[in-house]
Every structure is written in C-alpha cells, then in structure tokens.
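A structural walkthrough
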Amino acid sequence: MTTTSEKVSEQLARQVSKRVSQSVFDGSRLRVVLLVDVHDGAQQQFLEAYEQLCNQVASVPGHVSDQLCQSIENPSQWLITSEWESAPPFLAWVNSEEHVRMVEPLHSCVRDTRSLRFHIVRETGAEAAAAPAAQRRLQASPRIGDGVIRHALTFTVKPGSEAEVARILADYASPEARVDETTRLCRTSLFMHGNRVVRAIEVRGDLLAALRHVARQPEVRAVEEAINPYLEQERDLNDQESARVFFTRAALPAVHHVTADELVEGERLALYYPARPGRGMELAQLLSRGDEAAAEDPRSPVLRSTIFQRDDVVVRLVDHRAGVAVDVAPAAPLTALLDGEVVRMQLVTDRRSPDA
C-alpha cells in the first residue's frame, strides 16, 4: 500500500506568501511534460533523435531523469516527461542557444509540440515516503492565482530604426480578443528601450492557443511583416522553421508574479534591468524577494508585479497606484548584479480587452 509523503513543516509552509501566485524560486522539484505529435512514418526517426538528445540532456546541471512514452491508441502521439532539481536550472537550459541547437534534429519529424511545467506538490509511493523531506523539496502549499497567464516576447531591431518600429507597433487594429469558448486575450503592453522591444501578454485560458490565434490575425500579420526589415535577427514568417526559431529565442518567460491588491487598476510601467553576464536568474530572484516584501507592505505603491527573465535580460512589469511614484533605484544587493543603470522603458501601446 502506498502512502502520501509526510507533510512539509509548518514553518516552511508559512514562508510561501499567499500574495505570490507564480514563482520559479521556491526550490521545489520540477516536472516537465512535453506532448509531441510525430509525422506519420517518422516514429523511428523521432526515437533515434530523442535518444541522441537524451544522452546530451543527462549532463545538464539540475537534470534528474526523463522518460519517453508512446500512445497505445495513436502511434503518432508521444509523451516526454523529465524531472529537474528545481525550475531555474531547467529554464536556464531550455532558454539557451545550446537547447536550440540540441533539439534541432527533432523538428523534421515533429508536427507539433506542447510543453507544460509543474512544481511537484505531493507524491506517493514507497520510495517517495522513504526519502527525507529535505531531499524531496516539494512545493509547500498550492498557489492561488487569478486565472491569468502572463508571458512576454523580446527582440532587438536595427539601431536607427527605433522610431519607425515604434510607429508601426503602435498603429494597428487590435485582434479579436475571443480565441475560443475558454480562452481570450486580456491585455497586451508593448515597451521599448533603445533597440529592444518587449511585448507583455496576458491571457485567460490557453496561452498556446492564444499565441496561435494572434499570429493568424491579418492585422497582426501585417504588423509583423512591416517590422521584418528592421529586425536584427532575420526571419521568414512563411517558413515554419524560421518563425519557430525566432519566437523560441524571443520568448521571455514570467518567473515571478505577486499581487498586493486585485481591485485597483493603477498605472503600468516596465523597468529594464541589464544583468551582468550569467547573473540574470540571480538578479530576477532578488527582485522577486523585494516584490514579495512590497506586496505585504500596505504603504507600498506596487499593486502587481511580474518579473520576466531570459539569460541576462530581466524586465519587471509593475502596476502601481495612480499618481504615486515607484522607486526604481536598485537596492544595494542588486547593484553587484547589474551591468548598467535600471531603465524605465518607453510605453508604446497598452491595449485591454473590453471585458478582460
């Protein structure tokens, strides 16, 4: 008979703030699930590519194990699960150029993929029950969210083209907010600093479905084609592989979100934190601690804050009380991780769905 693993101590449970609805920094083990749809007849090719990838992934810091499964109902459907010591090493790997090169052999035999990431909250089984609590590192308690998924994209444009790119990105008709019965676009905020563009997206429902819906909208497609000549990384949106590589590199995941007050809207700003090489994740974690403290302080102007991070690009999206300034000066521990000044990004456009 299997038993549930013994409960995490009350002291640890109290450390999880109820105001934090999303975080990769609590030290919990991570389960990654990849759903794969393989082209008909390419199953053996896919298996060989996976085995090569599996040998490479085994040496990645933080990787614990992985498993490959094939559907008993449809041979074209496969499932890859992997376990990681925690989320940060996985994100550092999956967002790296090494990962882009490593998974390239899979693309010719894969029709579609879907990646899901989960912190492990509880587990059963004799092996789990026998392991000391310190080794299990389970998420202490469930997080309570607001039903909104937050994601961002970032890319750079050719120096000198910034004004024209800002004009193009500000001047387009908003796409249809309703994606399907369960998914809708809530808000899109677009910022620039120098030649870097950051587009923050809020979705209620299925993020992947929303991103695909937006990509198909003619007004959005026209804007994307219009900025193509100005991009530093070339892309061809008519070439599936070219588009996939571009948006893979452009992904700027949300690593932490905290809410102090759900009822007040406030004003929105984005802050860019240039991290020293190799220190982006550490910088994002320090910022997350500051936001947690601010959320618990009724005097703080911060209502909501989302931290996005990929490599050494760290962006903090803040909703603050109207008319109350936010102190952007970095705290002393942050200065050693910064490779320049904290910058308030230029707001290009901020669009909300009428019934978001």
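A brief report on the enclosed structure follows.

Analysis parameters
Numbering of residues starts from 1 in every chain and runs along the sequence as written. pLDDT decides what is reported in this predicted model: residues at 70 or higher carry local features, side-chain atom pairs at 80 or more are listed and counted, and totals for whole chains, interfaces and linings draw on all residues regardless. To get the side-chain values, all heavy atoms of the structure are used, and hydrogens and water are removed first. Each pair of strands is called paired provided DSSP finds at least two bridges between the two strands. Strands here mean DSSP runs of E at least two residues long; helices mean DSSP runs of H or I at least four residues long; both are numbered from the N terminus. Orientation is described by lines fitted to C-alpha atoms, with helices fitted over the stretch in contact, and by angles between N-to-C directions that extend from 0 to 180 degrees. Residue contacts are counted whenever heavy atoms from the two residues lie within 4.5 Å of one another. Here, a salt bridge means any side-chain nitrogen of Lys or Arg that lies within 4 Å of a carboxyl oxygen of Asp or Glu. Buried residues are those whose accessible area, probed at 1.4 Å on protein chains only, stays under 20% of the maximum for their type, while exposed residues exceed 50% and partly exposed ones sit between those limits. Polar contacts, as used here, are pairs of N or O atoms within 3.5 Å; protein pairs need one atom able to donate a hydrogen and one able to accept it. Residues neighboring in sequence count only if both atoms are side-chain atoms. Note on terminology: a nonpolar core comprises buried Ala, Val, Leu, Ile, Met, Phe, Trp, Tyr and Cys residues joined through side-chain atoms within 4.5 Å. What a helix should span is 1.5 Å times the count of its residues minus one. As used here, the arc belongs to the directions running from the helix axis to the C-beta atoms. Neither His nor the chain ends is counted toward charge; the positive residues are Lys and Arg and the negative residues Asp and Glu.

1. Some thoughts on the sheet that holds strand β2 (residues 30-38)
Pairing within the open sheet is antiparallel, and its 4 strands lie in the order β3-β4-β2-β5. Edge positions in the sheet fall to β3 (63-70) and β5 (110-119), since each has one partner strand and no second. Looking at each pair of strands side by side, their axes are set apart by 15 degrees on average, direction ignored. Of the pairings in the sheet, the one linking β2 to β5 comprises 9 bridges and is antiparallel in character. Its bridge partner lying in β5, Val32 is registered against Arg117. Where helix α3 (residues 87-94) meets the sheet, it contacts β2, β4 (77-84) and β5, and its direction lies at approximately 155 degrees from that of β5.

2. Re the pattern of salt bridges
Using the criterion set out here, one finds 23 salt bridges in the structure. A salt bridge links Arg352 to Glu265; the nearest nitrogen and oxygen atoms lie 2.6 Å apart. On the criterion of sequence distance, the pair formed by Arg352 in strand β14 (residues 346-352) and Glu265 in the loop between β9 (251-259) and β10 (267-274) is long-range, its members being 87 residues apart. Accessibility expressed as a relative area gives 41% for Glu265, which makes it partly exposed. Among the salt bridges present, the one from Asp297 reaches Arg299, with a minimum N-O distance of 3.1 Å. Classification of Asp297 by relative accessible area gives partly exposed; the value is 26%.

3. Let's talk about the environment of Ser242
You can see Ser242 is positioned in helix α11 (residues 240-250). Leave out the neighbours within four places in its chain, and Ser242 touches Arg235 and Asp236. Among the polar contacts listed, one links the side chain of Ser242 to the backbone nitrogen of Asp236, at a separation of 2.8 Å.

4. A look at the nonpolar core
Ranked by size, the top nonpolar core spans 44 residues in total, and within it Phe46, Trp84, Phe90, Trp93, Tyr273, Leu283 and Val314 carry the most contacts. Of all the secondary structure elements, the ones that give two or more residues to this core are β2, α2 (43-57), β4, α3, β10, α12 (280-296), β11 (302-310) and β12 (313-320). Filtering out sequence-adjacent residues up to four positions away, Leu283 remains in contact with Tyr273, Ala275, Val314, Leu334, Leu337 and Leu338. In terms of nonpolar packing, the next biggest core, distinct from the first, is built from 17 residues, Val165, Leu169, Val223 and Leu231 among them.

5. Examining the side chain of Ser86
Relative to the assigned elements, Ser86 resides in the loop between β4 and α3. You can call Ser86 buried: its relative accessible area is 11%. Each residue touching Ser86, except ones within four places of it in the same chain, is listed here: Gly27, Ser28, Arg29, Leu30 and Arg137.

6. Focus on α12
End to end, α12 covers 25 Å across 17 residues, agreeing with the expected 24 Å (1.5 Å per residue, within 8%). Taken as a whole, α12 has its buried residues at Gly280, Met281, Leu283, Ala284, Leu287, Ser288, Asp291, Ala294 and Ala295. Buried residues of α12, seen end-on, are gathered within an arc of 150 degrees and therefore sit on one face of the element.

7. Examining unusual backbone geometry
We note that Asp311 has phi near 55 degrees; this positive angle belongs to a residue other than glycine. Take Asp311: it is sitting in the loop between β11 and β12. Residue Asp311 is classed as partly exposed on the basis of its relative accessible area, which comes to 42%.

8. Here's the deal with the side chain of Arg351
Within the secondary structure, Arg351 sits in strand β14. Although Arg351 is buried, it forms no salt bridge, and the closest oppositely charged side chain is Asp171 at an N-O distance of 6.3 Å. In terms of polar contacts, Arg351 uses its side chain to reach the side chain of Ser174, at 2.9 Å. Once residues lying within four places of it in the same chain are set aside, the contact partners of Arg351 are Ala170, Asp171, Tyr172, Ala173, Ser174, Cys186, Arg187 and Thr188.

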